[in-house]
Amino acid sequence: MQSVEASLKTLLATLPHPADKPALDPLVTEALSRAKASSSAEIRRNQWEYALKREIFALAATEGQALKDSNTRYYEQLCDRLDLCLVFSEHDVCDKAFPFTVLFDLLETQTIDSCSHIFSWIELRADRLTEGMVPQKGKALVLLRTLNDLLRRLSKIGNTTMFCGRILTFMSQVFPLGERSGVNLRGEYGPVWDAPGGKKEGSAANAEEQVSMKKEAAEEEDKMQVDESKAESNKQEEFYNTFWSLQLPFSRPPLFAEPDAFARFKEGVNKALPVIKEATAKERALMGSKTSAGQPSSLKRKRESEGVEDNAGGEYFFAKYLTSPDLLELEIADTHFRRQFLFQLLILLNHLLTFTKAVKTTWATPRNRSLQMDFTLDATDAQWVQETVTKATEELRQTTPNGRSFAETVHVILEREKNWVRWKNELCAPFDKGPWSEEIEVDGQKRKVGLEEATREVRMKMRMDPEPWPHKLGSAPLTEIWEMGYRDLTDLQRPFSPGGPRDFLKKIMQEDARIEMRRKQLQKQADRVAQARAKAAAAAAAKEQPKESAPPAETAPPPAPARLPSSTSTPLHPSLPAKPGTVPPTSVSADNVAQSSSPARVPTPVQPAAASPAPVPTPAPPPPEPAPIKDQLVSQYEENKQRWAWLGFRAGRELHSSFFDVDPLVKFEEYVKVIEIPGDHPTRRFVTVSTNANASIGIAEMQDGATSAGPPEAREDKPNGSRVLVTGGAGYIASHVVYALQETRRYKVVSIDNHHNSTPKALVRVAELARSNLPADASEKDKDSAEIEAYSADLTKPEEVRAVFEKYGKGGIWGVVHIAAYKAVGESTQIPLTYYANNVGATVTLLQIANEFDCTRFVYSSSATVYGIPPVIPIPETTRLQAQSPYGKTKVMSETIIEDLCSAEPSKWQALSLRYFNPAGAHPSGLIGEDPRGRPGNLLPLLAQMAVGRIKDKLQVFGNDYPTPDGTCVRDYLHVLDLAKGHLLALDALAPGSTVFDNRPAEARYKAYNLGKGKGLSVLQIVEAMKKATGFEYEYDIVGRRKGDVPDLTADPTLAEKELGFTAPQTLETMCRDLWNWQTKNPNGYDGQ
């Protein structure tokens, strides 16, 4: 803020005069460069606006002193600062409406003379101020409010009339005549009529006139003189006063709230209208006689120019001073005068008709208090007003010339005014707003408080010093990346990778090498200590021998070598007693390790006095069993091996297992060999196991490469080598289902597809993936499972479907996964018959032919659209089926048909409906993914094609007024591979021995499951996630809602998780990453890379 204030003071010091735009632009640019700061644009804008406004109002506070100086430069300096505000707003430093906000506040602080000077500046800068101004929006509203408030301050008579005219002229130039924002209904009326017939209360002249009139009346009464000419004069003067008294309610309609005001008005109108009618009749009669006499010229006297225009700059001129009792008859004889009077009368009468009891209730609100008065027109008076309107209108028609045309014009003007008033009352948004308040509870009682009291605690906290920022580098992610050792963008291109199971096996082998090396070091140390101690023991024994030599006749027996224990034997501690039958050590200080690693030296026995046989030495006992060497480093290396083994299991769990209940060191090396070198262990596989009943997880070891989807005791119930028919096999979802089926090597896949929205190349790539995953010594059965028998056939043509089933005979196909269908919600609303014929008709055909060939296990690909607008979120399977689109209705119909079939033949048919929510993503390899024909109907592939450049249009978001967090539709997205695993679980649930149908409420073996994550994501959240994955800046337009769309479709997958063991662990980031990987590797889909 200090830099902004300093830069502004420097700018003001160098400001030229006059400060035109070409001179100010470089100065403002230089000031902005001087005050450049690291704060955000919004904060910088607020700082400049605050500094500019403070400079202007600091100058405005000196107005009183400046006006006393005849040589003042106050207005020049004020205009220069206003020019600065305008230039700053043109440079987008300040808001576009900022100059108008300053003017609004400034005009309220200035005198009328100063306001006139400021308005002159507004007139000079009108083109720049109104550039780009849109009526009813932004700065237009501020300008309109500013000028209206200025008009309220000005009187419509006297010296300010020209100022008012300047303002009204400016408004007519700025706001088009047809623009409703230019209508200025301030609820004010014209000046009070103080001419003849008006009230003159409080005036000394009026009081004197009343006294004189009373005296004259008294004198005349005393004289009791009757003079006919005087009576006529009094009558004329009475009508004069009555006629002009009508101008008072014309100028101030609120006077009708006074008692008897309407009665006086009614009496005056009843007296004036006959006179007006009589004058009109005389004029028409006179014109008729003149015309018949052949004098077409008008008898109306020509008025001389009264010099109004010439005197416009002098004393104010008003027509009310051109009247007297003697002139009234001549004035009434003038057609224009009578028209003016009747026009005024019609305006007031139409205004009074809005005060009937019925009409008043439609507009009397607190918003238009200025138009209200304590007056209601009763039925009788309303009838009189209506009749008077009719009479006045007829009198206008009778005036000449062109009376009918003039009356029609008056009628149009009055109707237009009524419409404007109605618009202001009914449609114009209120400007006033009540003060902010909040209800709080104090001492158990609730009361409303203002903004200051409600925010006191918050403001106190804001005055306190903030806590130290926990992140050294500004944000948590940036700090974490820095602490991880990343220092350059190139480091992010080569992120750290923990490696795979093989890498962890190498680490384990390194730990084994360290353990072996450490043990060798310990053994060498033990050997050196043993040798040193053996030498010391031999030297000590040699000193103890007697100096005499033994007799030659009797030689000592040769020493017997001691039994050498192994180098890994456990040494005995010297303080422990020797085992029975063993020779104790010769020295208490000798270590057992030294004794066991060198031969024992036998001392020479002492000769006894008498001859006796030499003693026989006792043989040494066998050494104890060796114990493993205990060392701190060795123990640490063993712990490292355990840790590396578990980390290796975790690195491989995504592809090979979810949990291992085995000893990691015992199984890990074998596990790595299985997954990487299958040729060494062809019969051992580790797989994830689960049961349909309780979804338990464990390890199963299968022989001959077979896998299982259940506990070991239930493995014999799972299909092995069975054929499964997948309809729509080349499609997006079906191709991933085929991949999942082939990964198990338990199924032989048969595909039917008419390639309406797919390509046969998808299945070619799926087969390539399956063959690449085969082990080196794969059996013929495994190799056969990697091949796909694909048929190009249309499910709506029974003969083509039957030909496929006939090839395998009855029972040749174990089960059906029916996925093929048209699936665009928007398109279904345009061609509903096509959707019913294809989706429902094909399902019926497939069921009939499958029944003929004893293929009675059926997995149906349904959709979450069957729920329509669900009553509860997340959606359980028990929700009523009420689809909103033809596509959703085809799914409801197909589910109903399948359930009816299972009910009709419960012992034969069994089926599961999988209600998908929103599958997304692709295979991680990027070989298969979603490639729709034409413009994608789903959001994520549409975004991917936009990012890759295939679609150039802007994204259209259908509706942002749904009852969701950001107003856009919410959907439940799950990875397509998670969805494919759900089909495997569904097929396992249809195998013999399954417990899925044990708790069914009806006899039919049919159930429906939701497949989703249970977490909804909006359209804008998906756009943001794809933006992060692709780096592409998406542009989108908000358009109207699309027919058939529902606000929220979020799954409740609890039932599928409980009964099928289904989970969807893949995140939204993974979906977007895999989708973008597929799209970048296949920018044109399967047609070309």
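In this numbering scheme, every chain counts its residues from 1 along its sequence in written order. Local features in this predicted model are restricted to residues whose pLDDT is 70 or higher, and side-chain atom pairs enter the listing and the counts only when it is 80 or higher, whereas totals over whole chains, interfaces and linings include all residues. Side-chain measures here rest on the full set of heavy atoms in the structure, leaving out hydrogens and waters.

S.K.: Please clarify how the environment of Ala-60 should be interpreted in this entry.
M.R.: Locating Ala-60 in the fold gives a position in helix α3 (residues 41–60). C-alpha separation for the pair Ala-60 and Thr-109, spaced 49 residues apart in sequence, amounts to 7.6 Å. Any two residues whose heavy atoms approach within 4.5 Å at even a single point are treated as in contact. Beyond its immediate chain neighbours, meaning those up to four positions away, Ala-60 contacts Tyr-74, Leu-106, Thr-109 and Gln-110. Working definition: helices are DSSP H or I runs of at least four residues, strands are E runs of at least two. Numbering for both runs from the N terminus.

S.K.: Would you take a moment to explain the packing of helix α1 (residues 2–13) against helix α2 (residues 21–34) for this structure?
M.R.: In a pair of packed helices, the angle between the axes and the distance between the axes together describe the arrangement. All axes here are fitted lines through C-alpha atoms, helices being fitted over the stretch that makes contact, and every angle between N-to-C directions spans 0 to 180 degrees. The interhelical angle for the contact between α1 and α2, taken along N-to-C directions, is 155°, at an axis separation of 9 Å. It follows that α1 is roughly antiparallel to α2 by the angle criterion. Relative to α2, α1 is oriented so that their crossing is right-handed. Packed against α1, whose contacting residues are Ser-7, Thr-10 and Leu-11, the element α2 presents Leu-27, Val-28, Ala-31 and Arg-34 at the interface. For this scheme, ten residues count as nonpolar: Ala, Val, Leu, Ile, Met, Phe, Trp, Tyr, Cys and Pro. Four count as charged, namely Asp, Glu, Lys and Arg, and the remainder, Gly too, count as polar. By residue class, the composition of the contact of α1 with α2 is four nonpolar, two polar and one charged. An angle below 35 degrees is treated as roughly parallel, one above 145 as roughly antiparallel, one from 65 to 115 as roughly perpendicular, and anything else as oblique. Put simply, a crossing is left-handed when the front helix is turned counterclockwise from the back one by less than a right angle, and right-handed when it is turned clockwise.

S.K.: Can you help me understand the sheet that holds strand β9 (residues 857–863) in this one?
M.R.: DSSP-based pairing: two strands are paired if at least 2 bridges between them are found. Read from one edge to the other, the open sheet built from seven strands follows the order β7-β6-β5-β8-β9-β10-β14, with strand pairing classed as parallel. For this open sheet the edge positions go to β7 (789–792) and β14 (1005–1011), each flanked by a neighbour on one side alone. Averaged over all neighbouring strand pairs, the angle between strand axes comes to 20°, with direction disregarded. The sheet strands contacting helix α31 (residues 798–808) are β5 (722–727), β6 (747–753) and β7, and the helix crosses β7 at an angle near 150°.

S.K.: How should I be thinking about the pattern of salt bridges in this particular structure?
M.R.: We define a salt bridge as a contact between a side-chain nitrogen of Lys or Arg and a carboxyl oxygen of Asp or Glu at a distance within 4 Å. Applying the stated criterion to the full structure yields 33 salt bridges. The salt bridge involving Lys-271 is made with Glu-267; its shortest N-O contact spans 3.4 Å. With Lys-271 and Glu-267 both in helix α14 (residues 261–292) and four residues apart, this pair spans about one turn of that helix. The class for Lys-271 is partly exposed, based on a relative accessible area of 34%. Across the pair Lys-748 and Asp-784 runs a salt bridge, and its minimum N-O distance is 3.4 Å. One end of the pair, Lys-748, is in strand β6; the other, Asp-784, is in helix α30 (residues 780–785), with 36 residues separating them in the sequence. Remark: exposure states derive from per-residue accessible area (1.4 Å probe, protein chains only) relative to the maximum for the residue type, with buried under 20%, exposed over 50%, and partly exposed in between. Using a relative accessible area of 8% as the deciding quantity, one classes Lys-748 as buried. In this structure, a network of salt bridges that share partners links the residues Lys-21, Asp-25, Glu-90 and Arg-128.

S.K.: Is there a simple way to explain a nonpolar patch on the surface in this structure?
M.R.: Residues enter patches when they are more than 30% accessible in relative terms and free of salt bridges; like-charged ones are connected within 9 Å and nonpolar ones (Val, Leu, Ile, Met, Phe, Trp, Tyr) within 5 Å. Surface accessibility in these figures is a Shrake-Rupley result with a 1.4 Å probe; residues are shielded only by whichever protein chains are displayed. Among the surface-exposed residues, Leu-473, Leu-478 and Trp-482 lie close enough to one another that they form a single nonpolar patch of about 290 Å² accessible area. Checked against the element boundaries, Trp-482 lands in helix α22 (residues 476–483). Since its relative accessible area comes to 42%, Trp-482 is described here as partly exposed.

By themselves these figures say nothing about function.
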